[in-house]
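Listed below, chain by chain, are the residues.
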Amino acid sequence: MEETIIFIDTGFLEKLSKYFGNGRYLKFDRIKLSKQLAKKQDLFCKHIFYYTAPPFQDNFPTEEQIKLKEGYDMFIKRLGMDQTITIREGRIQKTFNEKGKTIFKQKGVDTLMTIDLIRIKDNFPNIKKILLISSDTDFCPVIKDIQQKDRVEVILCTYFDRKRKSEFSLSNHLISCCSECIKITKEDFDNSPLIKSNQKELK
């Protein structure tokens, strides 16, 4: 079976998990999910790149912030014990909108993924197809580059609907950039159960 590398935009995957969980994050095994998506394309998951960011911490963290960070650290430590996965961490930026509402944004995560995508042929010279779990059009330039220059096919694993003003609207530009687009389903999460003895879920 042909090997593949999987790139996971965690922000997107968590949003999708919450959507399928009707407002509550689903408990699922990230590695199992990745391998299952690869298998559906008749591919073997050789390695996973997982892009995330630790919870925001004030200069003097609250009890809730400390608890979230401790849970995150434990989750990342256990996830990273599997040599199949490489974890890349950005940071969380705290800002405010025009109404004074607090907004948290991931910073640096897209850049880290772009760097790894550019280096795909250097680090994995035999790979001809990769899976990208995301919905971000910012990756279009690098997708075009690696497909044209490196001759690496990019299969987009995503979710979208046709509801007006939906948070899961998907750009046709992103779809056209990729060699193929497959839709992640609730069943993909259900078929990737978390075994608590091996991992402790963050959410």
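The structure displayed is predicted, hence computed values, not measured ones.

Caption draft 1: View of the overall build of the chain. Counting its secondary structure elements, the chain contains eight helices and eight strands. Its C-alpha atoms give the chain a radius of gyration of 17 Å, near enough to 17 Å, the size a compact globule of 203 residues would have. Projecting the C-alpha coordinates of the chain onto the three principal axes gives extents of approximately 50 × 45 × 35 Å. Taken over 203 residues, the chain has a buried fraction of 42%. Excluding contacts between residues fewer than 6 apart, the proportion of contacts in the chain whose partners are at least 24 apart in sequence is 74%. Split by element, the accessible area of the chain, about 11,800 Å² in all, is 47% carbon and sulfur.

Caption draft 2: Quick peek at the packing of aromatic side chains. With the rule as written, the count across this model stands at twelve aromatic pairs. Between Tyr19 and Phe20 the ring centres are 5.6 Å apart and the planes differ by 50°, which places this aromatic pair in the tilted class. A residue is classified by how much of its surface remains accessible, and Tyr19, at 27% relative accessible area, is partly exposed. Residue Phe20 is classed as buried on the basis of its relative accessible area of 13%. Measuring from centroid to centroid gives 5.5 Å for Tyr19 and Tyr159, while their planes differ by 45°, and the two rings are tilted. Residue Tyr19 is located in helix H1 (residues 10–20), and its partner Tyr159 is located in the loop between strand E7 (153–158) and helix H7 (172–177); the two are separated by 140 residues in the primary sequence.

Caption draft 3: Structural view of helix H6 (residues 140–149). Those residues of H6 that sit buried are Cys140, Val142, Ile143, Ile146 and Gln147. The buried residues of H6 all sit within an arc of 165° when viewed along its axis, so they share a single face. Away from its buried face, by an angle of more than 90 degrees, H6 presents the exposed residues Pro141, Gln148 and Lys149. The secondary structure elements touched by the buried residues of H6 are helix H4 (109–118), helix H5 (120–123), strand E6 (129–133), E7 and H7. Positive phi appears at Arg151, one or two residues downstream of H6, with a value of about 60°.

Caption draft 4: Main features of unusual backbone geometry. A positive phi is found at Asp42, a non-glycine position, where the angle reads about 60°. Its relative accessible area of 58% is what places Asp42 among the exposed residues. Even without a glycine there, the phi angle at Arg151 is positive, about 60°. Among the secondary structure elements, Arg151 is positioned in the loop between H6 and E7. Of the residues examined, Arg151 reaches a relative accessible area of 61% and is grouped as exposed.

Caption draft 5: The side chain of Thr10, seen in detail. The topology assignment puts Thr10 in helix H1. A distance of 2.4 Å separates a polar side-chain atom of Thr10 from the backbone oxygen of Tyr51. Apart from residues lying up to four places away in sequence, Thr10 is in contact with Tyr50, Tyr51 and Thr52.

Caption draft 6: Highlighting the nonpolar core. Ile6, Leu16, Leu131, Ile133, Ile184 and Phe189 are the most contacted members of the largest nonpolar core, which has 30 residues in total. Of all the secondary structure elements, the ones that give two or more residues to this core are strand E1 (2–9), H1, helix H2 (30–40), strand E2 (43–52), helix H3 (63–79), E6 and E7. Excluding residues that lie within four positions of it along the chain, Ile184 makes contacts with Phe12, Leu16, Phe20, Leu37, Ile133, Cys157, Thr158, Tyr159 and Phe189. Of all hydrophobic cores here, the second largest spans 26 residues; its members include Ile5, Phe7, Val154 and Cys178.

Reading the values: the criteria
- Residues numbered from 1 in each chain as written.
- Predicted model: local features only at pLDDT ≥ 70, side-chain atom pairs only at ≥ 80, totals over all residues.
- Heavy atoms only, no water.
- Helix = DSSP H or I, 4+ residues; strand = E, 2+ residues; numbered from the N terminus.
- Rg over C-alpha atoms; globule rule 2.2 N^0.38 Å.
- Buried < 20%, exposed > 50% of the residue type's maximum accessible area, 1.4 Å probe, protein only.
- Contact = heavy atoms within 4.5 Å.
- Areas by Shrake-Rupley, 256 points an atom, 1.4 Å probe, with all protein chains shown as cover.
- Phe/Tyr/Trp six-rings, centres within 6.5 Å; stacked < 30°, edge-to-face > 60°.
- Arc of directions from axis to C-beta.
- Polar contact = N/O pair within 3.5 Å; in protein donor to acceptor, adjacent residues only side chain to side chain.
- Core = buried A, V, L, I, M, F, W, Y, C linked by side-chain atoms within 4.5 Å.

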